[in-house]
Amino acid sequence: MVLRKASILVIDDDADILTALRLLLKPLVKEVVTDKNPNNINSLLTKTAFDIVILDMNFNGLVNTGNEGIFWLNKIKSLNTETSVILMTAYADIDLAIRGLKEGASDFLVKPWKNEKFIETINTVLGKKRTKSGKIKHLNANSTRIIGESDVMIDVFVKIKKVAPTEANVLVLGENGTGKDLIARALHDNSNRKNQPFVKVDVGALTASLFESELFGYKKGAFTDAREDRKGLFEAADTGTLFLDEIGNINLNQQAKLLTVLQNRQVTPLGSNTPIPIDIRLICATNFDPKTLSDEKKFRKDLVYRINTVDIVVPPLRERDTDITKLTKHFISVYAEKYNKNSFSLDTGFISKLKQHSFPGNVRELQYILERAVIMTDGDVLKADDLVFSSIESSSTKSHIGNSSHNLNELEKNAILTVLEKNKGNISKSAKELGITRAALYRRIEKYEL
Ligand SMILES: Nc1ncnc2c1ncn2[C@@H]1O[C@H](COP(=O)(O)OP(=O)(O)OP(=O)(O)O)[C@@H](O)[C@H]1O
């Protein structure tokens, strides 16, 4: 929809703001209605099909149920109208506005606003009404393009764009190989810290003793091998972004230490008494499902709250069939170039065979299957027969999804054993073939006591 055809309702209990917005919007839109009292929202929306409600987050004590903005947002959403909501908030309330995004708001604006930014936000929200996908078709993370055209991935892209420039801590949730790493990187690259360091730590792979020395650093003599002072990774990420991968795998003791650093915003290297202030934006990722993270026996609630101001859930590849085609074409052209092959065309049946597969290793697995196919195929047509799924892959066509977790564990254990045997215990090769990271393979070897 274009701006000049839009009907806009502004709700704010500050008369000056209503006047300013009336003056700003009147010459640009079809209709602008302003009201001081959110109690009138219901009747106003019944009378007029507003395209957008611009809603203040803070009313003076009209409702006593936590935050009024969220209360009225939910009211508008419960009316089942096509109306989009843009929240207005003070800078200090950004976390709240992000909660508003989770609860269905289309966007938020920070007061005091710049008029151009205000109009741009309204235009973007109107644009999204026209095409669900909006304008974002892909995102770049460093030099890698994040591919996706399914509705769920477009939502992920929109969320990244929205959240990246804020200082909010982000928790990225998704199975192995879904692209969590790329998303963490994209959050950094689209943030105000993009020219500062991006430091990734696979905390799940750190042993108890390494956890502290790697993250917090140490002074010479702090322990036997500490021959010189060493900066920790928190300090290395100062002014930039710290990405803690596999956060679900750290024990309660490590969680307590991490929480102390995050609360105090300072680290004390081992063997030192002097805390060092740190300024980091924190991104965490895990392949645990939210249910496991909310199990207090495994994960401290206060830490979950702290790392999870916003969460981004990346769905498994098997739930976004539409992305398979685009990812396939992308990887085939990347590998054709890498291995100096002519461009390939795809035989009928090639994509549908891929779509039959459940991809337990997600995009990473698809990538390896296609790399293999490109390397092994002579000529310039890729056929369904050129797709070779390895033992773990072929044992997981979509029909197996309903297996009990016990059977899946057995399946996984056997597949790991087979691949390890085949590769004579070589961890890198086996991890690659299984479509998981080396750290993920080590954890499974420990889990199944192989
Ligand atoms: N949407 C995507 N577009 C392009 N490449 C992708 C996409 N998603 C994943 N990949 C590629 O798949 C591989 C795995 O992605 P990534 O490492 O980000 O996954 P992950 O969820 O962090 O995995 P793990 O949990 O095992 O660490 C990488 O090579 C990445 O470039």
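Every chain begins its residue count from 1, and numbering advances along the sequence as written. Local features in this predicted model are restricted to residues whose pLDDT is 70 or higher, and side-chain atom pairs enter the listing and the counts only when it is 80 or higher, whereas totals over whole chains, interfaces and linings include all residues.

**Student:** I tried to follow the site of the ligand on my own but got confused; where do I start?
**Tutor:** The environment of the ligand is formed by 21 residues, the closest being Asn176, Gly179, Lys180, Asp181 and Val363. Numbered from the N terminus, helices here are DSSP runs of H or I no shorter than four residues, and strands are runs of E no shorter than two. Secondary structure elements with two or more residues in the shell around the ligand: strand 7 (144–146), helix 7 (180–189) and helix 15 (362–376). Nonpolar residues are Ala, Val, Leu, Ile, Met, Phe, Trp, Tyr, Cys and Pro. Charged residues are Asp, Glu, Lys and Arg, and all others, Gly as well, are polar. A class-by-class count of the residues in the shell around the ligand yields seven nonpolar, 10 polar and four charged. Should the C-beta atom of a residue, placed from the backbone, lie within 6 Å of a molecule or strand, that residue is near it.

**Student:** Any chance you could explain the sheet that holds strand 1 (residues 7–11) here in plain terms?
**Tutor:** Working definition: the strands of a sheet are paired by backbone hydrogen bonds and lie parallel or antiparallel to each other. Reading across from one edge, 2-1-3-4-5 is the order of the five strands in this open sheet, with parallel pairing throughout. This sheet does not close on itself; its edge strands, each paired only once, are strand 2 (31–35) and strand 5 (107–111). Each strand axis lies, on average, 20° off the axis of its neighbour in the sheet, ignoring direction. In terms of strand pairing, strand 4 (residues 84–90) meets strand 5 through five bridges, oriented parallel. Following the sheet pairing, Met88 is matched in strand 5 by Leu109. Any two residues are considered in contact once their C-beta atoms, placed from the backbone, lie within 7 Å. Axes here mean lines fitted to C-alpha atoms, for a helix over just the part in contact, with angles spanning 0 to 180 degrees between N-to-C directions. Most of the contacts of helix 3 (residues 68–78) go to strand 3 (residues 52–56), to which it runs at about 160°, and overall it touches strand 3 and strand 4. Relative to strand 4, helix 4 (residues 94–102) is tilted by about 170°, and along the sheet it contacts strand 4 and strand 5. For two strands to pair, DSSP has to find at least two bridges joining them.

**Student:** Which parts of the structure should I look at to understand the pairing of strand 12 (residues 241–245)?
**Tutor:** The two faces of the sheet receive side chains in turn, since in a regular strand these alternate between them. In terms of burial, strand 12 is a largely internal element, five of the five residues being buried. Our exposure labels follow a C-beta count within 10 Å of each residue's own C-beta, placed from the backbone: buried means 20 or more other C-beta atoms, exposed means 12 or fewer, and partly exposed covers the counts in between. Of the two faces of strand 12, the one lined by Thr241, Phe243 and Asp245 and the one lined by Leu242 and Leu244 are each fully buried. For strand 9 (residues 198–202) and strand 12, the ladder comprises five bridges, and the chain directions are parallel. Of the residues in strand 12, the one forming a bridge with Lys200 is Phe243.

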